[in-house]
Amino acid sequence: ASLAPTRPGLSLRDMLAGLCEKRGFPLKDVIIYLRGKDRPLSMEQDCSVLRDQQVTLELRVMLRLEVVSTGKTMGIMVKSSKTLQDALSVVLHKHQLKPQDTVVTMAGSSEPLDMCTSVYKLANKKLILHSVKGEQAVHHHLT
């Protein structure tokens with residue numbers, strides 16, 4: 001938790017710049033919410049709207065995902081608090097895949113990633129989604 005002074009005429013972006021820099025968060029990847037609200041605030045808003053309010057900062061993480069079965073690569077933007085499973089759920093559903101029938105690796109590695117891994121650790125990495133079935137999936141996980 002941090003306190004930041006609000007000065008009329010200062011944008012949320014300008015108010016948060018120093019705070020984010022100290023914590024190593026790229027400001028372009030930060031989303032700000034009023035505590036208890038789901039809708040993000042505009043970084044261009046005057047920071048005086050926050051007077052005596054608590055806010056939550058959420059870091060967005062970008063992943064690149066290659067789906068081997070289609071040969072396509074896509075970008076996925078997700079909140080840093082999510083797991084890899086959360087981040088890929090829409091893609092798996094779209095391609096009618098079940099998590100147990102897939103293996104995700106980092107580009108250049110054959111080591112399967114744990115689907116419970118925080119996406120924060122995978123920021124700006126390229127991941128490969130392999131589709132495997134039944135015995136192949138078990139064998140692949142063990143080798």
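Residues numbered from 1 in each chain as written. Predicted model: local features only at pLDDT ≥ 70, side-chain atom pairs only at ≥ 80, totals over all residues. Heavy atoms only, no water.

S.K.: Help me get a handle on the pairing of strand β5 (residues 126-131), residues and values and all.
M.R.: Two strands pair when backbone bridges link them, and strand β2 (residues 55-67) and β5 are joined in this way by four bridges, in the parallel orientation. Bridging from a neighbouring strand, E66 pairs with I128 of β5. For strand β4 (residues 102-106) and β5, the ladder comprises five bridges, and the chain directions are antiparallel. From the neighbouring strand, T102 faces β5, where its bridge partner is S131. (Pairing = 2+ DSSP bridges. Helix = DSSP H or I, 4+ residues; strand = E, 2+ residues; numbered from the N terminus.)

S.K.: Residue-level account of the nonpolar core, with values.
M.R.: Residues L63, L65, L84, L88, V104, L127 and L129 are the most contacted members of the largest nonpolar core, which totals 19 residues. At the level of secondary structure, the elements contributing two or more residues to this core comprise β2, β3 (72-79), α2 (84-94) and β5. Broken down by element, the residue count for this core peaks at five residues, all from α2. Discounting residues that sit within four places of it in the chain, L88 has contacts with L65, I76, V104 and M115. Judged by nonpolar contacts, the second largest core, of 13 residues, contains L12, M15, L19 and L59. (Core = buried A, V, L, I, M, F, W, Y, C linked by side-chain atoms within 4.5 Å. Buried < 20%, exposed > 50% of the residue type's maximum accessible area, 1.4 Å probe, protein only. Contact = heavy atoms within 4.5 Å.)

S.K.: Report on the layout of surface pockets, specifying residues and quantitative values.
M.R.: Rolled over the atoms, a probe sized like a water molecule indicates the empty space that remains. Here the largest pocket defines a volume of roughly 520 Å³. The leading source of residues in the lining of the largest pocket is helix α1 (residues 12-23), at four residues. The class makeup of the residues in the lining of the largest pocket is nine nonpolar, five polar and four charged. (1 Å grid on protein atoms, 1.4 Å probe; cavity = no way out; pocket = protein on both sides within 12 Å on 5 of 7 lines; lining within 4 Å. Points joined across faces, edges and corners; volume = space filled by probe spheres on them. Nonpolar A, V, L, I, M, F, W, Y, C, P; charged D, E, K, R; others polar.)

S.K.: Tell me what's going on with the confidence of the model for the protein chain, and back it up with residues and numbers.
M.R.: Per-chain confidence: the protein chain averages 86 in pLDDT, with 92% of residues scoring 70 or above. Predicted confidence is poor over residues 134-143, with pLDDT under 50, and the contacts of this stretch with residues over four places away or in other chains come to nine contacts. (pLDDT = per-residue confidence, 0-100.)

S.K.: Pulling in residues and values, what's your account of the side chain of D29?
M.R.: Mapped onto the elements, D29 comes out in the loop between α1 and β1 (30-34). Among the residues examined, D29 registers a relative accessible area of 15% and is labelled buried. Residues within four places of D29 in sequence aside, it is in contact with E58, L59 and R60.

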